Protein chains: 2
Amino acid sequence: MIEDFSAVEVIAAKRDRNELSDAQIDWVISAYTRGVVADEQMSALAMAILLNGMNSREISRWTNAMINSGERMNWSAITRPTADKHSTGGVGDKITLPLAPLVAACGGAVPQLSGRGLAHTGGTLDKLESIPGWRADLSNEEMLKVLQDCGAVICAAGAGLAPADKKLYALRDVTATVEAIPLIASSIMSKKIAEGTSSLVLDVKTGSGAFMHDPAQAAILARTMVELGRNAGVKTRALVTAMDVPLGLTVGNALEVRESVEVLAGGGPSDVVELTLLLAREMIELAGISGKDPEVALKDGSAMDAWRKMISAQGGNPDAALPVAREKNQYFATEAGRMVSMDALKVGVAAWRLGAGRSRQGEKVQAGAGIELHAKPGDDIKAGQLLMTLHTDEPERFPRALEALVGSVSIVAGGEVNRLPLVVERIQ
Amino acid sequence: MIEDFSAVEVIAAKRDRNELSDAQIDWVISAYTRGVVADEQMSALAMAILLNGMNSREISRWTNAMINSGERMNWSAITRPTADKHSTGGVGDKITLPLAPLVAACGGAVPQLSGRGLAHTGGTLDKLESIPGWRADLSNEEMLKVLQDCGAVICAAGAGLAPADKKLYALRDVTATVEAIPLIASSIMSKKIAEGTSSLVLDVKTGSGAFMHDPAQAAILARTMVELGRNAGVKTRALVTAMDVPLGLTVGNALEVRESVEVLAGGGPSDVVELTLLLAREMIELAGISGKDPEVALKDGSAMDAWRKMISAQGGNPDAALPVAREKNQYFATEAGRMVSMDALKVGVAAWRLGAGRSRQGEKVQAGAGIELHAKPGDDIKAGQLLMTLHTDEPERFPRALEALVGSVSIVAGGEVNRLPLVVERIQ
């Protein structure tokens, strides 16, 4: 292959605030995947993109080039309409777990390729792996069979899907170039478009526990991704939702599975139920399914049936006891009053320090580690009341986890609750 | 050693337009030199510095950290005052060759650590290596002996001098992060300060053939370096000088040595003589030498004697015939009139394409390749007059070299010469 460009020339163009041409983008992604463009060159380009930006044509081309670096999945054998959801990640965000079987129970096919957690945000695969026997790694044939039989599959993306993104994502993680909207948007959307879903609902988190602290930035990211989806022929919508406070009452792998099963059984914390139903209705509508009420599917047990079938199909035992951490510790209120806020980031960092999360790719996580919340913003608190229970297999982790929780809740006598609405913005 | 920082944290600080602390700078340079900070992390940081800048405290600390990554030279055994010069590089810039022995002849000690050429700019060591037998690589002991015996030494910097800069310079070259004033200034000054000279004159080039095309940018670079020198206790001055037109009448290694020897013999092109004398006077004054006129030292043969002694001391034969390229080609004027301009960059690129320069570090250069100029801006030209002679060992190189020369000279009947003054600005 003749190399049409030099890496230095492409980096210099973006450094000097010029637009990259389609040919330059195609070349640099292909050459990076082949190892012709070196990691140190791509990281310099990523920093230039982070600081100087890309316009929508560039982002769209960049996304396509990453898709073209690998295979595209094909669900033409599936007769049901495909619908997928992606969350940008947060603390206690277990929504995929009840949502995928719920949409399956309503007649959708949900091919949910998920990831693992990094830092304070959890990963769907880590959560499901706390179920004894459950396997995240499926061949394309196995994936198709689970999807056909159960209406939903949640598994790891194969190595063939957008390999350029896999390589680039690992690089961005160690070079402080994660926080670039063009790179975040193209990373997510290249995988989702290559995955072959015909409709997609994006849950873009905002607040302290999210990538995008600022709702305005989250909305820009959401709009960028919706445009990328549309350009690729995928029906795409986005909700910008709250991640200033952890979702639900549990943070940690097995703890979140337990809470998800409660929701599928018709119970569970109100915010998790509300967001699950909101996203399910968006997915169902976008997939063109009519006459199905997801609230009914939660009450009548059909969503739970889809969950049990899906977990079993991937080797898991839905009736097995979930792992429990060996050690517990308790965190109490030191004053009385109204709980006006709870910092998702601080709670997420504490759960990470307890062993629920990882600091670098490939690190093991503890299935039982994490935090149970016994109160949320809006609750009236007595001095000395139990606020959180901390779980870990390694008690030496407690001091640094408790340190992370300092200032995590504000309790003010007669105070007003200060938090984002669950849905900050809806983009379609 | 305990790592006090993470690379991601330091990169993110500069990415977010924060100042780096002294401790962060010390750590990142040391950790990069030790391989703890990876190339892809340093290149992202370099791009963030290029785009977001560093203040003078940061640049000063960065420079010191690079000096501290290696050894410092010590000339306390030398009784003469040490004086050094550095040029940021240009086309036909052979000034170091006559200048070092000239200042030696006036009573200075010139410890001139030089580099090799890259792209269209030539390197002092490449030029001198066209002299049969001459060696650039000297041990510290050999260097001291040549300096003591001859008053000047021109050689390669040893591996022990600012190793962080060596590693970073090679990285910047492939990641489009060369053109950052903080990084250029700290790279040059870390080597010059570690080299241990007590006075330093900087020749900062500006115009098409220089790094810094824009005189205002060149002046900023010059001021930054003068401040770094002062802070380190080195008496430092800078001249911003013209590099819109090639210096002298030769571009290429052996061709430039020949012209330098002409200057040392009391002849040579007027611009080369003028700049050599200007820089010599600055160096002599800064070194505190009085009662010496460098013009006399050129006329009375004492500068030539110092040259011959220095070349011999480094294994070279000053009487040997210089290499001559095997093939020649000629470039003629197609119209009549006044030559109003000559583009240094185009001439430099043509010489590079003839084999006088290299595209990547370590590549061999041709000793005899290059260009002789038979006219300069201000000359009246006849149609068909010979303007340049091109030299190379490989005649297949002529077409692309001639292509680079298209538009290199402007000839306008009755036109006004359009060029920078030799000295654009003097900074002390």
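Residues numbered from 1 in each chain as written. Chains lettered and ligands numbered in written order. Predicted model: local features only at pLDDT ≥ 70, side-chain atom pairs only at ≥ 80, totals over all residues. Heavy atoms only, no water.

1. Considering the relation of the copies chain B and chain A
Link 1 in the chain: For the pair chain B and chain A, the best superposition has an RMSD of 0.0 Å and corresponds to a rotation of 180° with a translation of 0.1 Å parallel to the axis. Taken together, the rotation and translation relating the two chain copies correspond to the operation of a two-fold axis. For chain B, the residue whose C-alpha comes nearest the rotation axis is Glu40(B), separated from it by 1.9 Å.
Link 2 in the chain: A share of 100% of interface residues in chain B that are also interface residues in chain A marks the association as one of identical surfaces. (Least-squares fit on C-alpha atoms with pLDDT ≥ 70 in both. Contact = heavy atoms within 4.5 Å.)

2. Re the domain arrangement of chain A
All names here are of chain A.
Link 1 in the chain: As far as domains go, chain A holds domain 1 (7-53), domain 2 (84-313) and domain 3 (327-412).
Link 2 in the chain: Placing the centre of domain 1 and that of domain 2 at their C-alpha centroids yields a distance of 30 Å.
Link 3 in the chain: At the junction of the two partners, domain 1 supplies 11 residues and domain 2 supplies 12 residues.
Link 4 in the chain: Of the roughly 1,000 Å² buried between domain 1 and domain 2, counting both surfaces, carbon and sulfur atoms make up 80%.
Link 5 in the chain: Interface area lost by domain 1 to domain 2 is led by Tyr 32, Thr 33 and Leu 50, which between them contribute 44%.
Link 6 in the chain: Our count for the domain 1 to domain 2 interface comes out at 0 salt bridges.
Link 7 in the chain: Seen at the junction of domain 1 and domain 2, the total is 1 residue pair in polar contact (both at pLDDT 80 or more).
Link 8 in the chain: Elements represented by at least two residues in the side of domain 1 that touches domain 2 include exactly α2 (22-33) and α3 (39-52).
Link 9 in the chain: Broken down by element, the side of domain 1 that touches domain 2 gets its largest block of residues, 7 residues, from α3.
Link 10 in the chain: When its residues are assigned to classes, the side of domain 1 that touches domain 2 shows 7 nonpolar, 3 polar and 1 charged. (Domains from an automatic or database assignment. Buried area = accessible area lost by both parts, 1.4 Å probe. Salt bridge = Lys/Arg side-chain N within 4 Å of Asp/Glu carboxyl O. Polar contact = N/O pair within 3.5 Å; in protein donor to acceptor, adjacent residues only side chain to side chain. Helix = DSSP H or I, 4+ residues; strand = E, 2+ residues; numbered from the N terminus. Nonpolar A, V, L, I, M, F, W, Y, C, P; charged D, E, K, R; others polar.)

3. What about the sheet that holds strand β4 (residues 199-206) of chain B?
Backbone hydrogen bonds are what pair the strands of a sheet, in a parallel or an antiparallel way.
All names here are of chain B.
Link 1 in the chain: An order of β1-β4-β5-β13 is seen for the 4 strands of this open sheet, with the pairing classed as mixed. Every interior strand has two partners, whereas the edge strands, β1 (84-87) and β13 (423-427), have only one. Geometrically, the sheet is characterised by an average inter-axis angle of 15° between neighbouring strands, direction not taken into account.
Link 2 in the chain: Of the strand pairs in this sheet, β1 and β4 are connected by 4 bridges, and their pairing is parallel. If you follow Lys 85 over to β4, its bridge partner there is Val 201.
Link 3 in the chain: On top of the sheet, helix α12 (residues 270-286) reaches β1, β4, β5 (235-242) and β13; it is set at about 150° to β4, its chief contact. (Pairing = 2+ DSSP bridges. Axes fitted to C-alpha atoms, helices over the stretch in contact; angles between N-to-C directions.)

4. Let's talk about the confidence of the model for chain A
Link 1 in the chain: Per-residue pLDDT for chain A has a mean of 95; in total, 99% of the residues score no lower than 70.
Link 2 in the chain: Here the complex is predicted with pTM 0.87, and the ipTM for its interfaces comes to 0.86. (pLDDT = per-residue confidence, 0-100.)

5. Details of the side chain of Lys85(B)
Residues and elements named next belong to chain B.
Link 1 in the chain: Relative to the helices and strands, Lys 85 resides in strand β1.
Link 2 in the chain: Nearest to the buried, unbridged Lys 85 among oppositely charged side chains is Asp 93, at 4.5 Å.
Link 3 in the chain: A polar contact of 2.8 Å, which involves the side chain of Lys 85, links it to the side chain of Thr 96.
Link 4 in the chain: Lys 85 has contacts with Ile 95, Thr 96, Leu 99, Gln 112, Lys 192, Leu 200, Val 201, Asp 203, Leu 279 and Met 283, leaving out every residue within four places of it along the chain. (Buried < 20%, exposed > 50% of the residue type's maximum accessible area, 1.4 Å probe, protein only. Lys, Arg positive; Asp, Glu negative; His and termini not counted.)

6. With respect to the environment of Gly370(A)
Residue and element names in this part refer to chain A.
Link 1 in the chain: Of note, Gly 370 is situated in strand β9 (residues 370-373).
Link 2 in the chain: Among the residues examined, Gly 370 registers a relative accessible area of 0% and is labelled buried.
Link 3 in the chain: Residues Gly 370 and Ser 290, 80 residues apart in the sequence, show an inter-C-alpha distance of 39 Å.
Link 4 in the chain: Beyond its immediate sequence surroundings of up to four residues, Gly 370 is in contact with Val 251, Gly 252, Leu 255, Ala 351, Leu 354, Ala 356, Thr 389, Leu 390 and His 391.

7. Points about the interface of chain B and chain A
In many analyses, interface size is given as the accessible surface area lost on bringing the parts together.
Link 1 in the chain: Taken together, the contacts link 21 residues of chain B with 21 residues of chain A.
Link 2 in the chain: A buried area of about 1,700 Å², summed over both sides, lies between chain B and chain A, and 68% of it is on carbon and sulfur atoms.
Link 3 in the chain: Area buried by chain B at its contact with chain A is led by Arg15(B), Glu40(B) and Leu51(B), which between them contribute 35% of it.
Link 4 in the chain: Across the chain B-chain A interface, the total number found is 2 salt bridges.
Link 5 in the chain: With its nearest N and O atoms 2.9 Å apart, the salt bridge here joins Arg15(A) to Glu179(B).
Link 6 in the chain: Seen at the junction of chain B and chain A, the total is 9 residue pairs in polar contact (both at pLDDT 80 or more).
Link 7 in the chain: Every element with two or more residues in the side of chain B that touches chain A is listed here: α1 (7-15), α3 (39-52) and α8 (163-174) of chain B.
Link 8 in the chain: Top element by residues in the side of chain B that touches chain A is α3(B). It accounts for 10 residues.
Link 9 in the chain: Taken together, the residues that form the side of chain B that touches chain A break down as 11 nonpolar, 4 polar and 6 charged.

8. Quick notes on the packing of aromatic side chains
Link 1 in the chain: Counted by the stated rule, this structure contains 2 aromatic pairs over all chains.
Link 2 in the chain: Note on Phe5(A) and Trp27(A): the rings are 6.1 Å apart at their centroids and 55° apart in plane angle, and the pair reads as tilted. Here the residue Phe5(A) occupies a position in the segment before α1 (7-15), and Trp27(A) occupies one in helix α2, the gap between them amounting to 22 residues. Comparing Phe5(A) with Trp27(A), the two get one shared label, buried.
Link 3 in the chain: Above the face of the Tyr32(A) ring, Lys167(A) is positioned so that its terminal group lies 4.4 Å from the ring centre.
Link 4 in the chain: Directly above the ring of Tyr169(B) sits Lys191(B), whose terminal nitrogen or CZ lies 5.8 Å from the centroid. (Phe/Tyr/Trp six-rings, centres within 6.5 Å; stacked < 30°, edge-to-face > 60°. Lys NZ or Arg CZ within 6 Å of the ring centre and 35° of its normal.)

9. Here we look at the packing of helix α15 (residues 344-356) of chain A against helix α16 (residues 398-405) of chain A
Residue and element names in this part refer to chain A.
Link 1 in the chain: Look at α15 against α16: their axes get within 8 Å of each other, and the N-to-C directions meet at 175°. As far as their axial angle goes, α16 and α15 are roughly antiparallel. In contact with Lys 346, Val 347, Val 349, Ala 350, Arg 353 and Leu 354 of α15, α16 contributes Phe 398, Arg 400, Ala 401, Glu 403, Ala 404 and Leu 405.
Link 2 in the chain: The residue makeup of the contact of α15 with α16, split by class, is 8 nonpolar, no polar and 4 charged. (Parallel < 35°, antiparallel > 145°, perpendicular 65-115°, else oblique.)

10. With respect to the pattern of salt bridges
All names here are of chain A.
Link 1 in the chain: A complete count under the given rule lists 66 salt bridges over all chains for this structure.
Link 2 in the chain: A salt bridge links Lys 346 to Asp 343, with the shortest nitrogen-to-oxygen separation between them at 3.8 Å.
Link 3 in the chain: Its relative accessible area of 29% is what places Lys 346 among the partly exposed residues.
Link 4 in the chain: Classification of Asp 343 by relative accessible area gives partly exposed; the value is 22%.
Link 5 in the chain: The network of salt bridges with common partners includes Glu 19, Asp 22, Asp 26, Arg 57 and Arg 61.

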